[in-house]
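This is what each chain is made of:
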Amino acid sequence: MSRFSEWFHQTFDDWAFRSFIGPAQTRGAVQGCDEPAREQWKRDLENRKRYTREQRERRRAERAARHGSSSRS
């Protein structure tokens, strides 16, 4: 798959799914859905969690870099 095609599907397939299903919820969010919809919901939820973890790590690293450089001065 081309790089653009891969990016397009990763971006807009999830976007379309979120638009139709709504916000991520954990209680009763996918009851009554078919299996592909449940699997997409799980992937979307994991992507949201991964993004949050990455942002938290990025902020932690920025704070550590600021504190490390200011203590050396």
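Heads up: the structure comes first, above all this text.
Let me sum up the structure you'll find in this document. By convention here, each chain's residues receive numbers from 1 onward along its written sequence. For a predicted model such as this one, the threshold for reporting local features is a pLDDT of at least 70, and the threshold for listing and counting side-chain atom pairs is 80 or more; totals across whole chains, interfaces and linings nevertheless cover every residue. Heavy atoms from the whole structure form the basis of all side-chain values; hydrogens and water molecules are not counted.

## Details of the overall build of the protein chain
Logical step 1: Secondary structure elements are taken from DSSP: a helix is a run of H or I of four residues or more, a strand is a run of E of two residues or more, and numbering for both begins at the N terminus. Within the protein chain one finds 2 helices and 0 strands.
Logical step 2: Only protein chains enter the calculation, and the probe is 1.4 Å; a residue is then buried if its accessible area is under 20% of its type maximum, exposed if over 50%, and partly exposed in between. Every one of the 73 residues in the protein chain was classed for burial, and the buried ones make up 14%.
Logical step 3: Accessible surface computed for the protein chain: about 6200 Å², of which carbon and sulfur atoms make up 54%. Accessible surface is estimated by sampling points in the Shrake-Rupley manner with a 1.4 Å probe; for residues, cover comes only from the protein chains shown.

## A short note on the pattern of salt bridges
Logical step 1: Between Lys or Arg on one side and Asp or Glu on the other, a salt bridge is scored when a side-chain nitrogen of the former is within 4 Å of a carboxyl oxygen of the latter. Under the definition given, this model contains 7 salt bridges.
Logical step 2: E54 serves as the salt-bridge partner of R50, at 3.2 Å between the closest nitrogen and oxygen. Of this pair, R50 and E54 both sit in helix α2 (residues 35-72), 4 residues apart, roughly one helical turn.
Logical step 3: A salt bridge links E62 to R58; the nearest nitrogen and oxygen atoms lie 2.8 Å apart. Of the two residues, E62 and R58 are both situated in helix α2; the distance of 4 residues between them amounts to about one turn of the helix.
Logical step 4: Here E62 falls in the partly exposed class, since its relative accessible area comes to 37%.

## Looking at a nonpolar patch on the surface
Logical step 1: Patch rule: a residue counts if its relative accessible area is over 30% and it has no salt bridge; like charges are joined within 9 Å, and nonpolar side chains (Val, Leu, Ile, Met, Phe, Trp, Tyr) within 5 Å. On the surface, F4, W7, F8 and F12 cluster together to form a nonpolar patch covering roughly 430 Å² of accessible area.
Logical step 2: With respect to the element layout, F12 can be found in helix α1 (residues 3-21).
Logical step 3: By relative accessible area, which is 32% here, F12 ends up partly exposed.

## Focus on a positive patch on the surface
Logical step 1: A cluster of basic residues, R56, R59, R63 and R66, forms a positive patch at the surface.
Logical step 2: Its place among the elements puts R59 in helix α2.
Logical step 3: Relative accessible area serves as the criterion here: at 40%, R59 is assigned to the partly exposed category. His is not counted, nor are the chain ends; Lys and Arg add positive charge and Asp and Glu add negative charge. Taken as the charge centre is NZ of Lys, CZ of Arg, CG of Asp or CD of Glu, depending on the residue.

## Focus on the packing of aromatic side chains
Logical step 1: Any Phe, Tyr or Trp ring, taking Trp's six-membered ring, that has another such ring centre within 6.5 Å forms a pair; planes under 30 degrees apart are called stacked, those over 60 apart edge-to-face, and the others tilted. According to the stated counting rule, one finds 1 aromatic pair in the structure shown.
Logical step 2: Ring geometry for F4 versus W7: centroids 5.7 Å apart, planes at 40°, classification tilted. Here F4 pairs with W7, and both are found in helix α1, just 3 residues apart, close to one helical turn.
Logical step 3: For W7, a relative accessible area of 45% gives the class partly exposed.

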